[in-house]
Amino acid sequence: MNYLFNLKLLRRYPWVIPLLILLIVFAVYGWALQGLKLDFELLKSSWPYIIDFISRLFPPDLTVIDIAIKALVETVQMSIWGTSIGAILSLPIAVASATNVAPQWLRSLANLLQNAVRSVPSIILGLIFVAATGLGAPAGTLALAIYTIGYLAKFYQQAIEAVDPRSLESLQVMGASRLQIAQYGILPQVLPLGLGYTLWMFEYNIRAASVLGVVGAGGIGFQLKNYIDGFEYTKATTMMLVLLVVVTVIDSFSSQLRRRLDSM
């Protein structure tokens, strides 16, 4: 009876639910803003310092362009290997996490592993591998590989769970083995999505590799940090501009490739 009454009430006043949702959204954002403890007066007075810092970045010092290109090549190499290693290791974890493939106990363990990897910041991973292998690209590559697992495993899992169950049921009725079901039922549907996710992760890892340089894990970020620490801001600008150009080119290329994969 109460349910019918509430239903009639909502039909009579359809604006109630949207209003409640809006009030909840405002309350959440108000609570979040309160936690930030922003000092708006300080922000207003900080503009001269921001402008002063930005003015020190220009004009770019092009005498270090050869160093920037060499460091960028190392960054791309780190991203290629880190993404590839992470993608290979992500695949079995994704299969073990998928609700339509793995049993409950295995899914729980695999999801726990994914969450554990995602909870560790990339800089911490960089510090761990710098301690293990020393400064340079090997530490950055291993850090990217582990960091990649936390995200690609989840993306691959979602792709596997999005497989049309009717195609799998048809193969089961025909007497196909588990391997044949995976080969002819799951793989053709997952492959385009998986490749698209991997390309996206490769793009992201180029940016992440530049951050890992802050802890000495190689790549263009290492040179960038050295120039900033030495107050050589115009040289740092050259590094950032070279990185911007390459990231833009890779983003354009991979976006076109992902569209073709999605059309498959």
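In case you missed it, the structure is sitting above this.
All of the points below concern the structure found in this document. (Residues numbered from 1 in each chain as written. Predicted model: local features only at pLDDT ≥ 70, side-chain atom pairs only at ≥ 80, totals over all residues. Heavy atoms only, no water.)

**Brief notes about helix 6 (residues 104-118)**
Item 1. Here helix 6 spans 21 Å end to end across 15 residues, near enough to the 21 Å set by a 1.5 Å rise per residue.
Item 2. Buried within helix 6 we find Arg107, Ala110, Gln114 and Val117. Relative to the axis of helix 6, the buried residues are bounded by an arc of 95° and lie together on one face. Facing away from the buried side of helix 6 by over 90 degrees, the exposed positions are Gln104, Trp105, Leu109 and Leu112.
Item 3. Buried residues along helix 6 sit in contact with helix 5 (65-97) and helix 8 (137-161). (Helix = DSSP H or I, 4+ residues; strand = E, 2+ residues; numbered from the N terminus. Expected span 1.5 Å × (residues − 1). Buried < 20%, exposed > 50% of the residue type's maximum accessible area, 1.4 Å probe, protein only. Arc of directions from axis to C-beta. Contact = heavy atoms within 4.5 Å.)

**Things to note about the nonpolar core**
Item 1. Within the largest apolar cluster, 29 residues are counted, with the highest numbers of intra-cluster contacts made by Leu144, Leu152, Val190 and Ala217.
Item 2. Of the residues forming this core, the biggest block, 10 residues, is contributed by helix 8.
Item 3. Apart from the residues within four sequence positions on either side, Leu144 is in contact with Met78, Ser79, Gly82, Asn205, Ala208, Ala209 and Leu212.
Item 4. Judged by nonpolar contacts, the second largest core, of 15 residues, contains Leu72, Ile206, Tyr227 and Met239. (Core = buried A, V, L, I, M, F, W, Y, C linked by side-chain atoms within 4.5 Å.)

**Description of the packing of aromatic side chains**
Item 1. Scanning the model with the defined rule gives seven aromatic pairs in all.
Item 2. Seen from their ring centres, Phe155 and Trp200 are 5.7 Å apart, and the 75° between their planes marks the pair as edge-to-face. In this pair, Phe155 is assigned in helix 8 and Trp200 in helix 10 (residues 178-212), connecting sequence segments 45 residues apart.
Item 3. Taking relative accessible area as the criterion, Trp200 reaches 36% and is therefore assigned partly exposed.
Item 4. Where Trp200 meets Tyr204, the ring centres are 5.7 Å apart and the plane angle is 15°; that geometry is what we call stacked. Of this pair, Trp200 and Tyr204 both sit in helix 10, four residues apart, which is roughly one turn of the helix.
Item 5. Ring-pair connections join several aromatic residues into one group, and the members of that group are Tyr147, Tyr151, Phe155, Tyr197, Trp200 and Tyr204. (Phe/Tyr/Trp six-rings, centres within 6.5 Å; stacked < 30°, edge-to-face > 60°.)

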